Amino acid sequence: MPRALKYDGVVYRRNGTAIWWIRYRDRNGNARRESSQSADWHEAQKKLRDRLQARDDNVLEVTRKGETLAYGQWADFFLENYSRPPVRAEKTHATNGRCVKHLKLAFANCRLADLTADAIELYLRDRLRQRVRIKSQRGYRETNLLKPTTVHQEFRVLRRMLNIAVRKKLLAANPCSGVEFPVALKGLFRPHYVTWSEQQRIESHAPGYLANIVRIITETGLRFYKELTPMRKDNVDLANAVVWIPDSKTPNGIAEVPLTPLAVQAFQRQFAISGDGPFLFPSDLNPSGHHKNLRKAWKRTLFRAKVTYFRIYDLRSTYATRLSAGGVADEWVTQMLRQGDAQVFKKYSQMKLQMKREALEKINRQVNEMQVLGAPALCTAIIQ
């Protein structure tokens, strides 16, 4: 049986105006009247159909709220309420601010409901063609093209902002889900798995405190900047082999972390060289503070150890990969990482595949060496 005409809505003109208006009923049966903002009858009909579809999908209020909110207003609200500490770290807030500054130049006056995947892709392509601008005494000067990773960071911030808008029912869907980044990002989000031999070389060439950091992270999975370097001595209980994390990147990160015997030994070595201050990793420049940036020391250590550069944060991924490759269930690894999102294992599964390939290559090398030495029977036994 067809629906009654009164539920389908109508398009009409008010006396003395050229703009078409639409009238329809919401899910509660209440009459709604609003301007189509167009003098074209077909555009007014399209808006009426969109309203009726939104009503039937139970997202009518979402659509109406999003249409009245500009991106610039939402960006300011996001920075104030979803980016500042303690919701996010200070460094994360600074990064969000830099990204939003560029995003607002393109979308400040655009309504949230009018943001489309095509518009976002055009913005990304335009940014990839721009150059880095450096402020000097004589003004701004341009250098190299922007790195794709820099532009992708802006895209990630925009995606998070719109995800929150969807959760707050200001948007029906996130247009970033339909965006394809214009260029391939080499090596992005592909963590480096540190083999045991690499770890030993790194520790042998690193300063004492940095060698302890490497051992602790690979044995506990602690976050480097947020949890380990600002750690106070009174948060470490070596007698019970546990450390207390009072502040972390996420609420799940605030917890007690058990220590392995290797981690306990690393903590003992660090206590012996940390001095009398309250911090376990005191700063060389400020004895009353702690280490905050070890990029140069980390880069020099990898160079001396003849190991290809990788982020120190990948040591945490190595910890998780070793647990997962050892047969620990993903749910348990998630808890030991103190993560709230199990999707993190998409990265670790790639690293386990790398470990399998390395093991297979090692076996093949051994077989080839034995074949050269004339031991075919033994080679067959190893392969089987």
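All values reported here derive from a predicted model rather than from experimental measurement. Sequence order as written defines residue numbering, which begins from 1 separately in each chain. Local features in a predicted model are, by the rule used here, given only for residues with pLDDT of at least 70; side-chain atom pairs are given and counted only at 80 or more, and totals for whole chains, interfaces and linings are based on all residues. Values reported for side chains reflect all heavy atoms of the structure, with hydrogen atoms and water molecules removed beforehand.

Caption draft 1: The overall build of the protein, seen in detail. Scanning the protein for helices and strands turns up 15 helices and eight strands. For every accessible area listed, the method is Shrake-Rupley and the probe measures 1.4 Å; residues are considered covered only by the protein chains on display. Of the accessible surface of the protein, which amounts to about 23,400 Å², a share of 52% is contributed by carbon and sulfur atoms. Comment: elements are numbered from the N terminus, with helices defined as DSSP H or I runs of at least four residues and strands as E runs of at least two.

Caption draft 2: Representation of the packing of helix 12 (residues 314–325) against helix 13 (residues 330–337). Where helix 12 contacts helix 13, the two axes come as close as 10 Å, and the packing angle between them is 150 degrees. For the element pair helix 12 / helix 13, the angle class is roughly antiparallel. Read as a crossing pair, helix 12 and helix 13 show a hand that is right-handed. Of helix 13, the residues touching helix 12 (which contributes Arg316, Tyr319, Ala320, Leu323 and Ser324) are Asp330, Val333, Met336 and Leu337. Residue classes in the contact of helix 12 with helix 13 are distributed as six nonpolar, one polar and two charged. A fitted line through C-alpha atoms represents every axis, and for helices the fit uses only the stretch in contact; the resulting angles, taken between N-to-C directions, go from 0 to 180 degrees. By the definition adopted for this analysis, an angle is roughly parallel if under 35 degrees, roughly antiparallel if over 145, roughly perpendicular if from 65 to 115, and oblique otherwise. Left-handed describes a crossing in which the near helix is turned anticlockwise from the far one by less than a right angle; the clockwise case is right-handed. Any two residues having at least one pair of non-hydrogen atoms within 4.5 Å are treated as being in contact. Charged residues are taken to be Asp, Glu, Lys and Arg, nonpolar residues to be Ala, Val, Leu, Ile, Met, Phe, Trp, Tyr, Cys and Pro, and polar residues to be all remaining types, Gly included.

Caption draft 3: Layout of the nonpolar core. To form a nonpolar core, buried Ala, Val, Leu, Ile, Met, Phe, Trp, Tyr and Cys residues must be joined to one another through side-chain atoms within 4.5 Å. Three labels apply to residues, based on accessible area from a 1.4 Å probe with only protein chains included: buried if under 20% of the type maximum, exposed if over 50%, partly exposed otherwise in between. With 34 residues, the main nonpolar core has Ile202, Leu210, Ile213, Met231 and Trp298 as its most contacted residues. Those elements that place two or more of their residues in this core are helix 8 (208–220), helix 9 (224–228), helix 10 (261–273) and helix 11 (295–304). When residues no more than four places from it in sequence are discounted, the contact partners of tryptophan 298 are Ile202, Leu210, Val214, Tyr309, Phe310, Arg311, Ile312 and Leu315. One finds Cys99, Leu112, Leu158 and Ile164 within the second-largest nonpolar core, a separate group that totals 32 residues.

Caption draft 4: Spotlight on the pattern of salt bridges. A carboxyl oxygen of Asp or Glu within 4 Å of a side-chain nitrogen of Lys or Arg is what we treat as a salt bridge. Throughout the structure, instances matching the rule amount to 14 salt bridges. As a salt-bridge pair, aspartate 26 and arginine 32 come within 3.5 Å of each other at their nearest N and O atoms. With respect to burial, aspartate 26 and arginine 32 carry one shared label: buried. The salt bridge involving lysine 226 is made with aspartate 247; its shortest N-O contact spans 3.5 Å. Pair noted here: lysine 226 is in helix 9 and aspartate 247 is in the loop between strand 7 (242–244) and strand 8 (256–258), with a separation of 21 residues, a long-range link. Assessed through its relative accessible area of 29%, lysine 226 is described here as partly exposed. Residues joined by salt bridges that share partners form a network here, namely Glu34, Lys47 and Arg51.

Function cannot be read off these values alone, since they describe shape.
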